[in-house]
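One-letter residues, chain by chain:
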Amino acid sequence: MPTHEIGLQVENLCVSYQGVPAVRGVDLEVKAGEAIGLIGPNGAGKSSTLLGIMGATARTGTVRINGIDVAGLPPEKVVRQGVALVPEGRHIFSELSVLNNLKLGLVGRREKTGIPEAFAEVFTLFPILEEFQGRKAGLLSGGQQQQLAIARSLMANPDIILLDEPSLGLSPTAVDTVFEALDVVRKAGKAVLIVEQRAEFTIAFSDKTFVLHDGLITLTLGPSDANNVDVLTEAYFG
Amino acid sequence: MNQFIQSLVDAISGGAILGLAALSIGLVFGVIRLANFAQGEIITAAAYTLIFTWQLGWFISIPLSIVVAVALSLLMEFTVFSRMRTATPATLLIASFGLSFLLQRVYEMLFTNTVQTAPVGSALAQSIDVGGVRIQMLSVVTIILAGSLLYGLTLFLAKSSLGLQLQAAAADFQTARLIGISASRVIGLSFALSGVLAAAVAFVSTVQTGAVGPSFGVPIVILALVGAVIGGIDKLSGALAGGFLVGFATSMLASWLPQDFSNFRDAYVFGLVILVLLFRPSGLLIRGRGVART
Ligand SMILES: Nc1ncnc2c1ncn2[C@@H]1O[C@H](COP(=O)(O)OP(=O)(O)O)[C@@H](O)[C@H]1O
Ligand SMILES: [Mg+2]
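Residues take numbers from 1 onward in each chain, read along the sequence in its written order. To label them, take the chains in the order written and letter them from A, then take the ligands in the order written and number them from 1. Selection of residues for local features in this predicted model requires a pLDDT of at least 70, selection of side-chain atom pairs for listing and counting requires 80 or more, and totals for whole chains, interfaces and linings are taken over all residues. Each side-chain value is worked out from all heavy atoms of the structure, with water and hydrogens disregarded.

**Q** What am I meant to see in the sheet that holds strand β5 (residues 68-69) of chain A here?
**A** Strands pair in a sheet through their backbones, by hydrogen bonds, and they do so in one of two ways: parallel or antiparallel. Residue and element names in this part refer to chain A. Read from one edge of the open sheet, four strands run β2-β1-β4-β5, paired in antiparallel fashion. Two strands in the sheet have a free side with no partner beyond their single neighbour: β2 (20-31) and β5. Note on contacts: a residue pair is in contact if any heavy atoms of the two residues lie within 4.5 Å. All axes here are fitted lines through C-alpha atoms, helices being fitted over the stretch that makes contact, and every angle between N-to-C directions spans 0 to 180 degrees. Under the DSSP-based scheme used, a helix requires at least four consecutive residues in state H or I and a strand at least two consecutive residues in state E, with every element numbered from the N terminus. In this fold helix α1 (residues 46-54) packs onto β1 (7-17), β2 and β4 (59-65), with an angle of close to 115° to the strand it touches most, β1. Here, a strand pair is defined by DSSP locating no fewer than two bridges between the strands.

This is the structure in structure tokens:
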């Protein structure tokens, strides 16, 4: 019996590359209006977890999007169940205009109504994108490209949004802009899963943060652990 | 002077046709990293269609040749290349060589080794007088045809949702799928568009020669591939420009080299290509090197 609750449920997710395991049985759940953090050192399997959820890499285990098991679906079908990924390194289409990048985000949209409103919403969230909508996306700064990558994913009106290291390579002010926007997105009732290397920042922002180590979740932290050096050291070196 | 303008117009038309052929290869290459040598046999199939159905009238024969080219292009994708999604570009190229030879043998069995002839587009085989200069009608038509196709394709790619999806898939296949773009749909679309361009190339080449044999498309596709490689096959504008350059150069060499040398014009073109590959292995026009599809 599928539950019809909005959100993401992952049970015993495993991903391996040519027989070498990268994710070794991850369980997590993200509910509507909630932000969950997933931190851990380089190579821990964070990106593989997100790609596994999207069906972009071979995986075993159960992934339920809004209660529906997406086993065996290719990424283009998983998207249409209501989940969007903002990939590591942004991966905007740099030769295309900002506006065309946003239009491409519409491809994964389930309903074909509300499109003008969708543009209005992302332009309110990220005014710079409206100003630069005719510009080639590759000409934007790193922070602006990250805003575009998030905006592109929002055009699909997902219930669940997965972000892979959104702060990577950004200036402190650009990071603030991104996380302020993610707070708006969370408060709008979407389920947000953030993969990050910046532990303190993520723990403070998220309702709950999991620490991933060698493909396994080894710790669960709350916002109050953000300043706890012992916990953080344990998370990364334990 | 007149003779120079004549040969210039012919060369532009020769460039336009090879530009289209190179573009038809580049369209597919951009999406699945296949440099399809069997594109030549798609051109041949469309050319045979024109020869065998021309007496029904151009308004039947031309659309039919487009249908045949698109259908064969899609058939190649569904029966051969769709089964090779994880293959490297080199493996794909070799598979397309095999397919090319296979289809040439099939054409030989069906239509024999002798060329088939029909007065396809004979109305275009005349010269017109433009301000005292005699210009071949076919060259003018070729330039207009190529220009319109390019304009239409550019508009389609830039303005339609499917066109944008094709561009996105060519730029970053994995990300395209992650945002919901259907892989099979954009791949099918690239093969279909490539078939339409092949039909246009077939039409002009068939009018030029009036005769079609089993290996009709081979020299065209060789020169188009050469052009695409020179210009940079992973960018549509690069493939187009490279194809144009090669077509333009071969045509100019043909009209300006003494007759004895003309026969060797392809050797000269290949000589140029080897120089380019030695000194600018990533193509003349692109800055970086594209990454292989994984
Ligand atoms: N495409 C791939 N092929 C082979 N191994 C991979 C691939 N992607 C990731 N890995 C390996 O899987 C492990 C987890 O990688 P990843 O999920 O990218 O970690 P993280 O995002 O936490 O840095 C690493 O050991 C990495 O080398
Ligand atoms: Mg990663």
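**Q** How should I be thinking about the site of ligand 1 in this particular structure?
**A** Residues and elements named next belong to chain A. By nearness alone, every residue bordering ligand 1 is listed as Y17, A22, P41, N42, G43, A44, G45, K46, S47 and S48. Within the backbone of A44, an N or O atom sits 3.2 Å from an oxygen atom of ligand 1. K46 has a polar backbone atom sitting 2.8 Å from an oxygen atom of ligand 1. For ligand 1, the protein covers 57% of the area, taking 560 Å² as the surface of the free molecule. Among the elements that line the shell around ligand 1, the one with the most residues is α1, at three residues. Amino acids outside the nonpolar list (Ala, Val, Leu, Ile, Met, Phe, Trp, Tyr, Cys, Pro) and the charged list (Asp, Glu, Lys, Arg) are all regarded as polar, and Gly is one of them. In the shell around ligand 1, the residues fall into four nonpolar, five polar and one charged. Any residue with at least one heavy atom within 4 Å of a molecule or strand is counted as near it. Whenever two N or O atoms come within 3.5 Å, that pair is a polar contact, provided that in protein one can donate a hydrogen and the other can accept it, and provided that, for residues adjacent in sequence, both atoms are side-chain atoms. Throughout, the Shrake-Rupley method with a 1.4 Å probe supplies accessible areas, and for residues the shown protein chains are the sole cover considered.

**Q** Explain the coordination of the magnesium ion (ligand 2) here, please?
**A** As a benchmark, a tetrahedral metal site with four donors has ideal angles of 109.5 degrees, while an octahedral site with six donors has ideal angles of 90 or 180 degrees. All names here are of chain A. In this analysis a donor is any N, O or S atom within 2.8 Å of a metal ion (3.2 Å for sodium, potassium and calcium), and since water is not included, sites may seem incomplete. Only S47 (OG) and E88 (OE) from the protein reach the magnesium ion (ligand 2) as donors, at distances of 2.0 to 2.4 Å. Separated by 41 residues along the polypeptide, S47 in helix α1 and E88 in the loop between β6 (83-86) and α3 (98-105) bring together distant segments of the chain. A relative accessible area of 34% places E88 in the partly exposed class. Relative accessibility decides the category of a residue: with a 1.4 Å probe and only protein chains considered, values under 20% of the type maximum give buried, values over 50% give exposed, and everything between is partly exposed.

**Q** What should I look at first to understand the pairing of strand β10 (residues 216-221) of chain A in this one?
**A** Within a regular beta strand, the side chains point alternately toward one face of the sheet and then the other, so they alternate between its two faces. Residue and element names in this part refer to chain A. With five bridges connecting them, strand β9 (residues 208-213) and β10 associate as antiparallel partners. In the sheet register, F210 faces β10, and the bridge partner there is T220. From the end of β9 to the start of β10, which pair antiparallel, there are two residues, and D214 there has a positive phi angle of about 50°.

**Q** Explanation requested: the interface of chain A and chain B in the structure shown.
**A** Quite often, the size of an interface is put as the accessible area lost when its parts meet. Every contact between the two is made by 19 residues of chain A and, on the other side, 18 residues of chain B. Computed with a 1.4 Å rolling probe, the buried area is the accessible surface lost when two parts are put together, summed over both parts. Summed over both sides, the interface between chain A and chain B buries roughly 1500 Å², with carbon and sulfur atoms accounting for 66% of that surface. A pairing counts as a salt bridge when a side-chain nitrogen of Lys or Arg comes within 4 Å of a carboxyl oxygen of Asp or Glu. Summed over the shared surface of chain A and chain B, the number is one salt bridge. The salt bridge partner of R177 of chain B is E76 of chain A, with a shortest N-O separation of 2.8 Å. At the junction of chain A with chain B, the criterion picks out six residue pairs in polar contact (both at pLDDT 80 or more). Elements that contribute at least two residues to the side of chain A that touches chain B include exactly α1, α2 (75-79) and α3 of chain A. Its residues assigned to classes, the side of chain A that touches chain B shows 11 nonpolar, three polar and five charged.

**Q** I'm lost on the pattern of salt bridges in this one. Help?
**A** When their charged atoms lie close together, side chains carrying opposite charge are able to pair. All names here are of chain A. Within this structure, the stated rule accounts for 11 salt bridges over all chains. A salt bridge links D183 to R186; the nearest nitrogen and oxygen atoms lie 2.8 Å apart. Placement of the pair is D183 and R186 together in helix α7 (residues 172-187), with a separation of three residues, close to one helical turn. Side by side, D183 and R186 carry an identical accessibility label, which is buried.

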